[in-house]
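# Close look at the chain arrangement
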Amino acid sequence: MSTTLVTDPKLNVEKNGFLDIELDPEMDLFAEIERLKKEKNAIILAHYYQEPDIQDVADYIGDSLGLAQKAQQTQADLIVFAGVHFMAETAKILNPTKKVVIPDLKAGCSLSDSCPPPLFAQFKAQHPDHLVISYINCSAGIKALSDIICTSSNAQQIVESLPKEQKIIFAPDKNLGAYINKATGRNMVLWDGACMVHEIFSVEKISKLKLRHPNAKIIAHPECEEPVLRLADYIGSTTQLLKYTEKDAATEYIVATETGILHQMMKSNPQKTFIPAPPNNSCACNDCPHMKRNTLEKIYLCMEYEVPEITMDEELRLAAKKPIDRMLELSAQFGLI
Ligand code: 13P
Ligand code: SF4
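Residues numbered from 1 in each chain as written. Chains lettered and ligands numbered in written order. Predicted model: local features only at pLDDT ≥ 70, side-chain atom pairs only at ≥ 80, totals over all residues. Heavy atoms only, no water.

### Considerations on the pairing of strand E3 (residues 78-82)
Condition: The buried label applies to any residue whose accessible area, calculated with a 1.4 Å probe on protein chains only, is under 20% of its type's maximum; exposed applies above 50%, and partly exposed to all values in between. Put simply, DSSP marks the helices as runs of H or I at least four residues long and the strands as runs of E at least two long, and each gets a number from the N terminus on.
Across the five residues of E3, five count as buried, placing the element largely inside the fold. What you see with E3 is no split at all: Leu-78, Val-80 and Ala-82 on one side and Ile-79 and Phe-81 on the other are buried throughout.

Now the structure itself:
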């Protein structure tokens, strides 16, 4: 036995949000995880904001759009979602016959939490002639109230695919919404939500850093606030930022998004330098505390015991699936997937 005997893994998860079991410190977690992948026909899907060790054991690393598509298409019996709750929930919505587990049920998202379904339903009722486009960083309840889901890699094209006169509510990220409004000349009504990580960057400190690194390009995620985006040479989703650094000729970048993405940037471009954009205080606030709840130990445990599992009411799942399917259809038409 490589772990202490667990009598009731579900009860343990109910109490902690994850399996809280002491592991043998000598255990080779990388080897054990590979063994479990084969034994259980499991796939590990990881977001770029996961810690480097998790990215290194993952079968696929991607942005929200890539991860949704991969979750939809996989033939694996067990989907291990190394990301946050709304991502694992999206995997279950798209591929309900598979078992979906997440290392820590408490890996949430401040942006998703900023948009509770009952309040959003009232907001929607105040704008009856509006179509609802929701960023994928939201709960299944919000998805079920939406017409089309988008991610940061397809939001602009999805908005542009609608007639100019179409009235739109964009939720829950006001920063991404404002960026798309500016890029498309629309006037979408924005829900007042934001990501705690992308709102932390300091314009003043980034500008000072740029003075010390005049050749560095500033690249930013569109969840950042407008003053930060104004400084950026390139704005894109995590995958788009990574691809940009692979094709672009510069050798130094100031990166205004969660620090996890730097692992793949450095792996793809070992000769280039990547500097995390500084937050407006001295903490490591550009690490997402939700994404970073997941650890290699928790990955191993959720694979071994197959908890915490994502489950969902079937009526809610079907309602939430419709706008995601619409997004995937449009993304295929745009040649994005
Ligand atoms: P993307 O990876 O789709 O760019 O999203 C970033 C993010 O904040 C996910 O939580
Ligand atoms: Fe949510 Fe922001 Fe963390 Fe992404 S980085 S999971 S949007 S809190």
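### A closer look at the UniProt feature "binding site: iminosuccinate" (unreviewed entry) in the chain
Heads up, the rule is: UniProt positions are given in the numbering used here, feature names are shortened, and annotations may be inferred rather than shown by experiment. It only takes one pair of heavy atoms within 4.5 Å for two residues to be counted as in contact.
The sites that UniProt annotates as "binding site: iminosuccinate" (unreviewed entry) are His-47, Ser-64, Tyr-135, Ile-136, Asn-137, Ser-152, His-221, Pro-222, Glu-223 and Thr-238. You can see Pro-222 is positioned in the loop between strand E9 (217-220) and helix H12 (226-231). Residues contacting Pro-222, with those up to four places away along its chain left out, are Ser-152, Asn-175, Leu-176, Tyr-179, Leu-229, Ile-235, Gly-236 and Ser-237. Following the sequence through the fold, Thr-238 ends up in helix H13 (residues 238-247).

### Observations concerning the site of ligand 1
Inclusion rule: Residues are classed as near a molecule or strand on a simple rule: at least one heavy atom within 4 Å of it. Think of a polar contact as two N or O atoms within 3.5 Å of one another; within protein, one of them needs to be a possible hydrogen donor and the other a possible acceptor, and neighboring residues in sequence only count if both atoms come from side chains. Only the protein chains shown count as cover for residues, and the accessible areas themselves come from Shrake-Rupley with a 1.4 Å probe.
Residues in contact with ligand 1 amount to 13 residues; listed here are only the nearest, His-47, Ser-64, His-221, Glu-223 and Thr-238. The contact in question runs from an oxygen atom of ligand 1 to an N or O atom on the side chain of His-221, over 2.7 Å. In this structure, Glu-223 approaches ligand 1 through a side-chain N or O atom, which is 3.0 Å from an oxygen atom. Computed on the free molecule, ligand 1 has an accessible area of 300 Å², of which 96% lies beneath the protein chains in the complex.

### Observations regarding the UniProt feature "binding site: [4Fe-4S] cluster" (unreviewed entry) in the chain
According to UniProt, the "binding site: [4Fe-4S] cluster" (unreviewed entry) feature falls on Cys-109, Cys-195 and Cys-288. The largest pairwise C-alpha distance within this set of annotated residues, which runs over 180 residues, is 9.3 Å, so the set is compact in three dimensions. Relative to the helices and strands, Cys-109 resides in the loop between strand E4 (99-101) and helix H6 (110-113). Since its relative accessible area comes to 12%, Cys-109 is described here as buried. Those residues in contact with Cys-109 that lie beyond four places of it in its chain are Phe-86, Asn-137 and His-290. Take Cys-195: it is sitting in the loop between strand E8 (189-190) and helix H11 (203-212). Apart from the residues within four sequence positions on either side, Cys-195 is in contact with Ser-110, Leu-111 and Glu-223.

### Overview of the nonpolar core
The cut-off we apply is this: Side-chain atoms within 4.5 Å link the members of a nonpolar core, which is a set of buried Ala, Val, Leu, Ile, Met, Phe, Trp, Tyr and Cys residues.
Judged by nonpolar contacts, the single largest core of 62 residues is most densely connected at Phe-81, Ile-133, Val-255, Met-265 and Met-327. Of all the elements, helix H5 (residues 85-94) adds the most residues to this core, at six residues. Once you skip the residues sitting within four places of it in the chain, Met-265 turns out to touch Ile-219, Leu-241, Leu-242, Thr-245, Val-255 and Phe-274. Counting residues in each nonpolar core, the second largest holds 26 residues, with Ile-21, Ile-54, Val-57 and Ile-299 among its members.

### Some remarks on the packing of H13 against helix H14 (residues 261-268)
Helix packing geometry: the angle between the two helix axes and the distance between the axes. Using the following cut-off: Lines fitted to C-alpha atoms define the axes here, with helix axes fitted over just the stretch in contact, and angles between the N-to-C directions of these axes take values from 0 to 180 degrees. Angle categories: roughly parallel below 35 degrees, roughly antiparallel above 145, roughly perpendicular from 65 to 115, and oblique for all the rest. Crossing handedness is defined as follows: a turn of the near helix away from the far one that is anticlockwise and smaller than a right angle gives a left-handed crossing, while the clockwise case is right-handed.
It is at 10 Å that the axes of H13 and H14 come closest, and there the two elements cross at 25 degrees. One element, H13, and the other, H14, form an angle in the roughly parallel class. Considering how the two elements wind past one another, H13 and H14 form a crossing that is right-handed. Taken together, the residues of H14 that come into contact with H13 (itself represented by Thr-238, Leu-241, Leu-242, Thr-245 and Glu-246) are Ile-261, Gln-264, Met-265 and Ser-268.

### Comments concerning the packing of aromatic side chains
Operational definition: For Phe, Tyr and Trp, where Trp contributes only its six-membered ring, two rings pair if their centres lie within 6.5 Å, and the inter-plane angle classes them as stacked under 30 degrees, edge-to-face over 60, or tilted in between.
Within the structure shown, the criterion is met by six aromatic pairs. The interplanar angle of 35 degrees and the centroid separation of 6.0 Å between the aromatic rings of Phe-120 and Phe-123 together place this pair among those described as tilted. Within this pair, Phe-120 and its partner Phe-123 are both found in helix H7 (residues 117-125), separated by three residues, close to a single helical turn. Residue class for Phe-120 comes out buried when judged on its relative accessible area of 0%. Note on Phe-123: relative accessible area 16%, which makes it buried. Centre to centre, the rings of Phe-120 and Trp-191 are 5.6 Å apart; their planes meet at 75 degrees, and the pair counts as edge-to-face. One end of the pair, Phe-120, is in helix H7; the other, Trp-191, is in the loop between E8 and H11, and 71 residues separate them in sequence.

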